[in-house]
Amino acid sequence: MNNKLNKSDLLVLAVYFVVSYLIQGKAYYERGALLREYLLDFPADLIAICSVIFLFVFWLIPKFVKEKKYFLFAFLGLIILIVITGIEYTIGFWSGQNDWNNYPKGLDFVINMIDRGTFQTAFPFALLLTKKFYEGQNEFLKIEKQQKENELKLLRSQLDPHFLFNNLNTLDALIDSNPTSAKEYINRLSLIYRYLIKTKDAEVMELSKEVAFAENYVFLIETRFANDYRFNIVNNTSLNDKFIPTGALQTLLENVVKHNKMIDGNTIETTILIAEDWITVTNTNTSTGINPESLGTGLINLKQRYQLLSDKQIQISDTAKSYKIIIPIIKLSDEK
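Residues numbered from 1 in each chain as written. Predicted model: local features only at pLDDT ≥ 70, side-chain atom pairs only at ≥ 80, totals over all residues. Heavy atoms only, no water.

Draft legend 1. Highlighting the pairing of strand S5 (residues 278–284). The sheet contact formed by strand S4 (residues 268–274) and S5 spans 5 bridges and is antiparallel. Along S5, the bridge assignment pairs Thr270 with Asn283. Turn length for the S4-S5 hairpin, with the two strands adjacent in sequence and antiparallel, is 3 residues. In terms of strand pairing, S5 meets strand S7 (residues 322–328) through 7 bridges, oriented antiparallel. Its bridge partner being in S7, Val281 is matched across the sheet by Ile325. (Pairing = 2+ DSSP bridges. Helix = DSSP H or I, 4+ residues; strand = E, 2+ residues; numbered from the N terminus.)

Draft legend 2. Broad picture of helix H6 (residues 179–198). Here H6 contains 20 residues, and its C-alpha end-to-end distance of 29 Å stays within 8% of the 28 Å for a straight helix at 1.5 Å per residue. Within H6 the residues assigned to the buried category are Ala182, Tyr185, Arg188, Leu189, Ile192, Tyr193, Tyr195 and Leu196. Summarising the axial view, the buried residues of H6 lie within an arc of 160°, below the 170-degree limit, and thus occupy one face. Residues of H6 that are exposed and angled more than 90 degrees away from the buried face: Thr180, Lys183, Ile197 and Lys198. (Expected span 1.5 Å × (residues − 1). Buried < 20%, exposed > 50% of the residue type's maximum accessible area, 1.4 Å probe, protein only. Arc of directions from axis to C-beta.)

Draft legend 3. Representation of the environment of Leu35 within the structure. Considering the arrangement of structural elements, one finds Leu35 in helix H2 (residues 35–65). Along the backbone, Leu35 and Ser95 are 60 residues apart, and their C-alpha atoms lie at a distance of 9.0 Å.

Draft legend 4. Representation of the environment of Thr246 in the model. Structurally, Thr246 can be placed in the loop between strand S3 (243–245) and helix H8 (248–259). Taking the relative accessible area as the measure of exposure, Thr246 reaches 4% and is therefore buried. A sequence separation of 59 residues divides Thr246 from Arg305, and the C-alpha atoms of the two residues are 9.7 Å apart.

Draft legend 5. Spatial organisation of the packing of H8 against helix H9 (residues 297–309). One can describe the packing of H8 onto H9 by two numbers: an axis separation of 9 Å at closest approach and a directional angle of 155°. Regarding the angle of H8 to H9, the classification is roughly antiparallel. With respect to the hand of their crossing, H8 and H9 are arranged in left-handed fashion. Listed contacts from H9 to Ala248, Thr251, Leu252 and Asn255 of H8 are Gly298, Leu299 and Leu302. Tallied by class, the residues present in the contact of H8 with H9 amount to 4 nonpolar, 3 polar and no charged. (Axes fitted to C-alpha atoms, helices over the stretch in contact; angles between N-to-C directions. Parallel < 35°, antiparallel > 145°, perpendicular 65-115°, else oblique. Left-handed = near helix turned anticlockwise from the far one by under 90°. Contact = heavy atoms within 4.5 Å. Nonpolar A, V, L, I, M, F, W, Y, C, P; charged D, E, K, R; others polar.)

What follows is the structure, given as structure tokens:
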């Protein structure tokens, strides 16, 4: 559920309160309520209900329910309900010039505030939650549709005829100049295509397999471009029980080659650092700069896939000397 407040949320609540207070105002008028009851009761009621709803929707539920701290959620929820409703009730009790001898005390006060608070906030609370739920479902369906389109584009790019054509040209040159390297090149190329075909329908893949794929892909790049590019994979963690979107490393490697060319004989150095929760790809920056808000097709694809798979986002740092992309590692046990 999207726990950010938007204009339509405020509009829905505003319509509800206008209708509700028109009805209540009629009841106040018929019983001859004092002017100060109008001036105090409605604003206090509005503030109390909105405070309870916003605290539940935008703090308690995301923080404690998501982390399965149900007891703390219930305890804090009751405290919030009793305190805020108690303040609102006290203002209304005073504005109506009621007899303070009839003011509830002790356990009666607690039960009364819980009952009153739940009654007052139930409908607007349900209204806002329902709206946020359907907005979340629509957003999910939209992203899922885009995900399918991106997966098709990714598959097409992976099996791109130009990719095969370029590698066949490299292989043709190797056969004459270095038959041993040519055999190794054929082996690596076959491993890459076997992997691409096997994983074409997988949303995520084991990090260990993606790293093995990246090693083969790096071999092709370094062989094809000679000294133009140099890649270094540094692993500082166990690869067990770790996943990333299928083809993520391929996208990042292609991004380096696509946007950086060797200048004045200086090799493009790229380091792929694998940590516990993140993979950082840092390369020498010889491009004109890529605005993080205007990513290439491959990175847009990868960014959208992470929206479906994780609550963590891709981070990008673009400076004059280096370009860095950090992608989160997905642990399926945590995501559940």
